[in-house]
Amino acid sequence: MLEERNRLARELHDSIVQSLYTMTLFAEAGVRNADHGDTVKGTQYMERIGETSQQVLKEMRLLVFELRPLALEQEGIVGALSQRLDDVERRAGVEARLIFDEPISLPSRMEEELYRVAQEALNNSLKHAAATHLSIRIATNDGLVEINVEDDGVGFDTDLVNQSGGMGLRNIKERMERLGGSFTIISSISSPGEGTKLRVRAPISDPQTTGEPAHP
Ligand SMILES: Nc1ncnc2c1ncn2[C@@H]1O[C@H](COP(=O)(O)OP(=O)(O)OP(=O)(O)O)[C@@H](O)[C@H]1O
Ligand SMILES: [Mg+2]
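Rules used in this analysis
- Residues numbered from 1 in each chain as written.
- Chains lettered and ligands numbered in written order.
- Predicted model: local features only at pLDDT ≥ 70, side-chain atom pairs only at ≥ 80, totals over all residues.
- Heavy atoms only, no water.
- Helix = DSSP H or I, 4+ residues; strand = E, 2+ residues; numbered from the N terminus.
- Buried < 20%, exposed > 50% of the residue type's maximum accessible area, 1.4 Å probe, protein only.
- Contact = heavy atoms within 4.5 Å.
- Salt bridge = Lys/Arg side-chain N within 4 Å of Asp/Glu carboxyl O.
- Donors = N, O, S within 2.8 Å, 3.2 Å for Na, K, Ca; no water.
- Pairing = 2+ DSSP bridges.
- Expected span 1.5 Å × (residues − 1).
- Bend = angle between axes of the 7 residues up to and from the residue.
- Core = buried A, V, L, I, M, F, W, Y, C linked by side-chain atoms within 4.5 Å.

A.B. asks: What should I look at first to understand the overall build of the chain in this one?
C.D. replies: Looking only at helices and strands, one finds six helices and five strands in the chain. Beginning at the N terminus, the succession of helices and strands in the chain can be written as α-α-α-β-α-β-β-α-β-β-α. Relative to its 216 residues, the chain shows a buried fraction of 31%. Looking at the chain alone, contacts between residues at least 24 apart form 68% of all its contacts between residues at least 6 apart.

A.B. asks: I keep staring at the pattern of salt bridges and nothing clicks. Help me out?
C.D. replies: Two side chains carrying opposite charge are able to pair once their charged atoms lie near each other. Across all of its chains, the model carries nine salt bridges by this definition. Salt-bridge contacts for Glu112 lead to Arg116; the nearest nitrogen and oxygen are separated by 3.1 Å. Linking Glu112 with Arg116, this pair stays in helix 4 (residues 108-129), spanning four residues, or about one helical turn. Residues Glu146 and Arg201 are paired through a salt bridge, measuring 2.7 Å at the closest nitrogen-oxygen approach. Residue Glu146 is located in strand 3 (residues 144-151), and its partner Arg201 is located in strand 5 (residues 196-203); the two are separated by 55 residues in the primary sequence.

A.B. asks: Explain the coordination of the magnesium ion (ligand 2) here, please?
C.D. replies: Between any two of four tetrahedral donors, the ideal angle at the metal is 109.5 degrees; between two of six octahedral donors, it is 90 or 180 degrees. Protein coordination at the magnesium ion (ligand 2) comes from Glu120 (OE) and Asn124 (OD1), with a distance range of 2.0 to 2.1 Å. Here the residue Glu120 and the residue Asn124 both occupy positions in helix 4, the gap between them amounting to four residues, near one helical turn. Comparing Glu120 with Asn124 shows no difference in burial state: the two are buried.

A.B. asks: Explanation requested: the pairing of strand 3 in the structure shown.
C.D. replies: Taken residue by residue, a regular strand's side chains alternate between the two faces of the sheet. Burial analysis of strand 3 places six of its eight residues in the buried class, the great majority of the element. Both strand 2 (residues 133-141) and strand 3 contribute to a ladder of eight bridges, which runs antiparallel. Within the sheet, the bridge partner assigned to Asn141 lies in strand 3 and is Leu144. The hairpin formed by strand 2 and strand 3 contains two residues between the paired strands, and Asp142 there has a positive phi angle of roughly 50°. Looking at chain direction, strand 3 and strand 5 are connected through eight bridges and run antiparallel. Following the sheet pairing, Val149 is matched in strand 5 by Leu198.

A.B. asks: Explanation requested: helix 3 (residues 70-89) in the structure shown.
C.D. replies: Residues that lie three or four places apart on an α-helix share one face, since the helix turns once every 3.6 residues. Its 20 residues give helix 3 an end-to-end C-alpha distance of only 19 Å, which falls more than 12% under 28 Å, the value for a rise of 1.5 Å per residue. For helix 3, the principal kink sits at Gly76 and spans about 130°. For helix 3, the set of buried residues is Ala71, Leu72, Gly76, Ile77, Val78, Gly79, Ala80, Leu81, Arg84, Leu85 and Glu89. The elements touched by buried residues of helix 3 are strand 1 (95-100), helix 4, strand 2 and strand 3.

A.B. asks: Can you help me understand the nonpolar core in this one?
C.D. replies: Side chains of a nonpolar character, in soluble globular proteins, are inclined to be buried together. By size, the foremost hydrophobic cluster in this structure holds 30 residues, and its most contacted members are Ile77, Leu114, Ile136, Ile147, Met176 and Val200. At the level of secondary structure, the elements contributing two or more residues to this core comprise helix 3, helix 4, strand 2, strand 3, helix 5 (168-178) and strand 5. Not counting residues up to four positions away in its chain, the partners in contact with Leu114 are Ile77, Leu106, Val145, Ile147, Met176, Leu179 and Val200. Listed in part, the seven residues of the second largest apolar core include Ile16, Ile49, Val56 and Leu63.

Following this line, the structure appears as structure tokens:
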């Protein structure tokens, strides 16, 4: 795993850092030419910046795909979540349950988004809730997948959360929008022990049409 990380770090450095550096040079050259009134050359540099950034985008996507958690790749979302609960929650003394009633089969990109959503919900419970019990329920029904993450912690005021400046819930919202799904969170500070209930739901997409990004 460490070796894999080192390889990715090297690749990141070799390809992407190089390309970004090249882009700064193109940008400087472009500005110089524009300053001297040579708009033709200036435009050419702009085009090269565009091409190079397209290249960087492609490389980033590949790397991000490679960084998919190994457990997710090998065991699917249920296996990966189960491993996470073993590795993190139970070690922290939280009584954690994973509930699912049939094998869950999802397109891999969807699986990854949902795994990240569940991971953030778990991180939040661990960081903020001081919960003693936690459950994740994952179910598919009528072409929908639904994940519920519930804790019995201190809860929070959902009306005030936008001012807290955290990225986690915003990311969950964005991921669910990308999946054409929904995200709700119910929590209250006035009923201790009720904790927080997070629910996400999304239509299970056809892997044939969503397996690859639509743009290069
Ligand atoms: N399960 C939870 N129990 C108690 N409070 C929560 C829970 N989930 C979220 N919160 C509250 O909502 C806030 C916003 O959560 P969010 O994940 O967006 O940000 P964060 O966790 O503070 O930071 P980040 O996710 O960027 O590391 C948290 O700071 C916390 O106050
Ligand atoms: Mg968070």
